[in-house]
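Coordinate inspection notes
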Amino acid sequence: MSQIRVELTKAPKQKPQDENNLPFGCFYSDHMFVMDYTEGQGWHDARIVPYAPLALDPAAMCLHYGQEVFEGMKAYRTAEGKINLFRPDENFKRLNVSNQRLCIPALDVDFCIEAVKKLVEVDKDWVPSAPNTSLYIRPFIIATEPHLGVKPASEYKFIIICAPSGPYYKEGLNPVKIYVEENYVRAVKGGTGVAKTGGNYASSLAADAEAHKQGYSQVLWLDGIEKKYIEEVGAMNIFFKIGDEICTPMLNGSILSGITRKSMIAVLESEGYTVNERRISIEEVIAAYEKGQLDEVFGTGTAAVISPVGTLKVGEKVMTINGGKIGKLSQHLYDTLTDIQWGRIAGPKGWVVEVC
Ligand code: PLP
Ligand code: COI
């Protein structure tokens, strides 16, 4: 395994003063992890260095053709003062899935876990301890080769930065309002929807802007071909409780394979529930609502945690779910997930990785 060189900052930054009022992703810790890739040499020169702007050639290919992938994970400070990661292996396995789709060279998953552990340990004082705060960790890879022809780059940087953060949605655990997008599409099978790559998010901005104008937090995407089947929300997967059934859109080649989604399915199954991963049409959801069977809708994501949906708008139809309040199942999953992440209960073997 390659060595990770550490160069500590000589000018530590002031940490955010009010941990109870930490906006998501606005402050960055003192250090970052950087590793380079050069064709013929592979990944090399792993280092933890003071957080600083990057020097990039203006012809760097990531700036022109979007050859970029990223991940999102968190470090949690437990009541005992320890620091936990949640299923970091899953993040780096998924990063390699994204890498493959974007023609970026694969990384060694175990090495990435070592890198993130070491970075979080160096910046351990940046892991906040106020309730519902964590150190959001953003690993990403950019194509750095200067070249204006369209082709996979021959040089890359793998970087990890950390941002002490509060809840992603200003609503916290209060239900969010979601708008079903009927004009724009996010992804199609064979496209890049399964990858976590910046372009997916860039192409979602116009729809999000429209939703915000109407007072909604994000959009719920439908499939890109028939605009009929539910896919996912901008930053989370989506679940429905329809009568006695718990269901979520199946992994169909165009949605992101969420780690929170996968974890919540495992938790529910271990408790004896069945979760149906299947095609769910928006008409079915409306029909369930009309029959009074749309009991709960909630999103799952690293940043979003478990996020109940209180209002779902489709065209002119505004559906209020569970009286706009958090439902029993959403609350149960939120409690279980956060209890595991913050070390209050033991999760399945290997889910929690202690940093220090
Ligand atoms: N879907 C999208 C588009 C996302 O950006 C995210 C967040 O990462 C998710 C789903 C949820 O994935 P995870 O639970 O792995 O964070
Ligand atoms: C995450 O949940 O980690 C994400 O990457 C979502 C992001 C778009 C904020």
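The structure under discussion appears in the preceding block.
Before going into details, it helps to say that this report is about the structure given with it.

Definitions and limits used
- Residues numbered from 1 in each chain as written.
- Chains lettered and ligands numbered in written order.
- Predicted model: local features only at pLDDT ≥ 70, side-chain atom pairs only at ≥ 80, totals over all residues.
- Heavy atoms only, no water.
- Helix = DSSP H or I, 4+ residues; strand = E, 2+ residues; numbered from the N terminus.
- Buried < 20%, exposed > 50% of the residue type's maximum accessible area, 1.4 Å probe, protein only.
- Contact = heavy atoms within 4.5 Å.
- Areas by Shrake-Rupley, 256 points an atom, 1.4 Å probe, with all protein chains shown as cover.
- Lys, Arg positive; Asp, Glu negative; His and termini not counted.
- Charge placed at Lys NZ, Arg CZ, Asp CG, Glu CD.
- Phe/Tyr/Trp six-rings, centres within 6.5 Å; stacked < 30°, edge-to-face > 60°.
- Axes fitted to C-alpha atoms, helices over the stretch in contact; angles between N-to-C directions.
- Parallel < 35°, antiparallel > 145°, perpendicular 65-115°, else oblique.
- Nonpolar A, V, L, I, M, F, W, Y, C, P; charged D, E, K, R; others polar.
- Left-handed = near helix turned anticlockwise from the far one by under 90°.
- Expected span 1.5 Å × (residues − 1).
- Salt bridge = Lys/Arg side-chain N within 4 Å of Asp/Glu carboxyl O.

All right, on to the overall build of the chain then. Along the chain, the regular secondary structure elements total 8 helices and 18 strands. Its C-alpha atoms put the chain at 60 × 50 × 35 Å along the principal axes. Going through the 356 residues of the chain one by one, you find that 54% of them count as buried. Considering only residue pairs separated by 6 or more positions, the chain has 71% of its internal contacts joining residues 24 or more positions apart. Surface exposure of the chain reaches about 15,700 Å², of which carbon and sulfur atoms provide 51%. Distance between charge centroids for the chain: 1 Å, based on 38 positive and 44 negative side chains.

Per the stated rule, a full pass over the model turns up 15 aromatic pairs. For the pair Tyr76 and Trp342, a centre-to-centre distance of 4.8 Å together with 75° between the ring planes defines the contact as edge-to-face. Here Trp342 lies in the loop between helix H8 (328-341) and strand E18 (352-354) and Tyr76 lies in strand E5 (residues 73-77), a separation of 266 residues in the sequence. With a centroid separation of 5.2 Å and 70° between ring planes, the pair formed by Tyr168 and Tyr169 is classed as edge-to-face. Through successive ring pairs, a cluster of aromatic residues spans Phe33, Tyr37, Trp43, Phe92, Phe111, Tyr156 and Phe158.

Take the packing of helix H6 (residues 259-270) against H8 next. It is the contact of H6 with H8, at a shortest axis distance of 11 Å, that shows an interaxial angle of 105°. In terms of orientation, H6 and H8 fall into the roughly perpendicular class. Judged by residue contacts, Thr260, Met264, Val267 and Leu268 of H6 engage Leu329, Leu333, Thr336 and Leu337 from H8. For the contact of H6 with H8, the per-class residue count stands at 6 nonpolar, 2 polar and no charged.

On to the packing of helix H2 (residues 88-101) against helix H3 (residues 109-122), then. Closest axis-to-axis distance for the H2/H3 pair is 9 Å, and the angle between their directions is 125°. It follows that H2 is oblique to H3 by the angle criterion. In this structure, the crossing between H2 and H3 has a hand that is right-handed. Note on element contacts: H3 touches H2 through Val109, Cys112, Ile113 and Val116, opposite Pro88, Asp89, Phe92, Lys93 and Asn96. Here the contact of H2 with H3 is built from residues that sort into 6 nonpolar, 1 polar and 2 charged.

Before going further, it helps to examine H8. Here H8 is 14 residues long and its end C-alpha atoms lie 20 Å apart, about the 20 Å a rise of 1.5 Å per residue gives. Listed as buried for H8 are Leu329, Ser330, Leu333, Tyr334, Thr336, Leu337, Thr338, Ile340 and Gln341. Phi turns positive, to about 70°, at Gly343, one or two residues after H8.

Side chains that carry opposite charge are capable of pairing whenever their charged atoms lie near each other. Counted under the stated rule, the structure contains 18 salt bridges. Close ionic contact of Arg47 with Asp36 constitutes a salt bridge, the shortest N to O distance being 2.9 Å. Taken together, the residues span a long stretch of sequence, with Arg47 in strand E3 (residues 42-50) and Asp36 in strand E2 (residues 31-38) at a distance of 11 residues. Take Arg47 and Asp36: they sit in the same class, and that class is buried. When the shortest N-O distance is used, the salt bridge between Arg94 and Glu71 registers 2.8 Å. Note that Arg94 is positioned in helix H2 and Glu71 in the loop between strand E4 (68-70) and E5, a separation of 23 residues in sequence. Through salt bridges with shared partners, one network takes in Arg87, Asp89, Glu90, Lys93 and Lys262.

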